[in-house]
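The chain contents come next:
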Amino acid sequence: MTAIANNHVVSFHYTLTNAEGETLDQSQGEPLAYLHGAGNIIPGLEKALEGKTVGDKLTVNVPAAEGYGEYNPDLVQEVPAQMFQGVEKIEAGMQFQAQTDDGVQIVTVKSVEGDTVIVDANFPLAGQDLTFQVEIVEVRDATQEELDHGHVHGVGGHHH
């Protein structure tokens, strides 16, 4: 049995729940594949999968700091409604892509106050402790191309 280590491609089924036990995400039919050691998945989950083998089932609790980071109140900003040209009605919960110095960022509208829109650029799962139910279905050596590109090719992986 191959144990999960750097430069292996790992495929796993998962269900992600929050502290309240609500399901936030899960693999749909196909397992998720990633390249171990390349930072393709959140650090807390990658660390927990190290050394596991095919058929292993585990529950992984990932604190916010090892998941999508702590919630940063500085990322909540007021912007003028004019910035949302072409959007007929701006409402709380809407998500937009914003161009920032760090590249494209997803912002979520928290509230609208007249001509001012309050947006939150925190990742939606920032500040949340997460629980993953994981079942490992495949572990294999990465191909040279996958190592060169830093991610998985083919089923369950990235497509160019």
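Residues numbered from 1 in each chain as written. Predicted model: local features only at pLDDT ≥ 70, side-chain atom pairs only at ≥ 80, totals over all residues. Heavy atoms only, no water.

Explain the overall build of the protein chain to me, please; I cannot follow it from the model alone.
Check the secondary structure of the protein chain and you find two helices and nine strands. In the protein chain, the succession of helices and strands from N to C terminus is β-β-β-α-β-β-β-β-β-β-α. Taken along the three principal axes of its C-alpha coordinates, the protein chain extends 60 × 35 × 30 Å. Restricting to contacts in the protein chain with at least 6 residues of sequence separation, those with at least 24 account for 62%. On the protein chain, roughly 9,500 Å² of surface is accessible, and the fraction owed to carbon and sulfur atoms is 46%. On the protein chain, the mean spot of the 6 positive side-chain charges and the mean spot of the 25 negative ones are 7 Å from each other. (Helix = DSSP H or I, 4+ residues; strand = E, 2+ residues; numbered from the N terminus. Contact = heavy atoms within 4.5 Å. Areas by Shrake-Rupley, 256 points an atom, 1.4 Å probe, with all protein chains shown as cover. Lys, Arg positive; Asp, Glu negative; His and termini not counted. Charge placed at Lys NZ, Arg CZ, Asp CG, Glu CD.)

Where do I start with the confidence of the model for the protein chain in this structure?
Close reading of the predicted structure is inappropriate where its pLDDT is low. In this model, the protein chain carries an average pLDDT of 92, and 96% of its residues clear a pLDDT of 70 or more. In the model of the protein chain, strand 6 (residues 95–100) stands out as the element of lowest mean pLDDT, 84, in contrast to strand 4 (residues 57–62), which has the highest, 98. (pLDDT = per-residue confidence, 0-100.)

Looking at this structure, I do not really get the sheet that holds strand 7 (residues 103–113). What am I missing?
The four strands are arranged 5-8-7-6 in an open sheet whose pairing can be described as antiparallel. The open sheet terminates on both sides in strands that have one partner only, identified here as strand 5 (76–80) and strand 6. In this sheet, adjacent strand axes meet at a mean angle of 45° when their direction is disregarded. (Pairing = 2+ DSSP bridges. Axes fitted to C-alpha atoms, helices over the stretch in contact; angles between N-to-C directions.)

What's the story with the pattern of salt bridges in this structure? I'm lost.
When charged atoms on two side chains of opposite charge get close, those side chains can pair. Following the criterion strictly, the structure yields four salt bridges and no others. Here K47 and E66 are joined by a salt bridge, their closest N and O atoms 3.2 Å apart. Separated by 19 residues along the polypeptide, K47 in helix 1 (residues 43–49) and E66 in the loop between strand 4 and strand 5 bring together distant segments of the chain. Relative accessible area serves as the criterion here: at 28%, E66 is assigned to the partly exposed category. (Salt bridge = Lys/Arg side-chain N within 4 Å of Asp/Glu carboxyl O. Buried < 20%, exposed > 50% of the residue type's maximum accessible area, 1.4 Å probe, protein only.)

What is the right way to look at unusual backbone geometry in this model?
Across the chain, the bulk of peptide bonds are trans and the bulk of non-glycine residues have phi less than zero. A positive phi angle is found at N7, which is not glycine, with a value near 70°. Mapped onto the fold, N7 is located in the segment before strand 1 (8–17).

Would you take a moment to explain the side chain of H153 for this structure?
Residue placement: H153 occurs in the segment after helix 2 (144–149). Given the relative accessible area of 18%, H153 is considered buried. Of note is the side chain of H153, whose polar atom sits 3.4 Å from the side chain of H149. (Polar contact = N/O pair within 3.5 Å; in protein donor to acceptor, adjacent residues only side chain to side chain.)

Even after reading the chapter, I still don't get the pairing of strand 7, so can you show me in this structure?
Consecutive residues of a regular strand have side chains that alternate between opposite faces of the sheet. Note: strand 6 against strand 7, six bridges, orientation antiparallel. By the bridge assignment, T100 is partnered in strand 7 with G103. Linkage of strand 6 to strand 7, two consecutive antiparallel strands, is achieved through a turn of two residues. In this sheet, strand 8 (residues 116–120) lies alongside strand 7 in antiparallel orientation, the contact comprising five bridges. The partner of V112 across the bridge, within strand 8, is V117.

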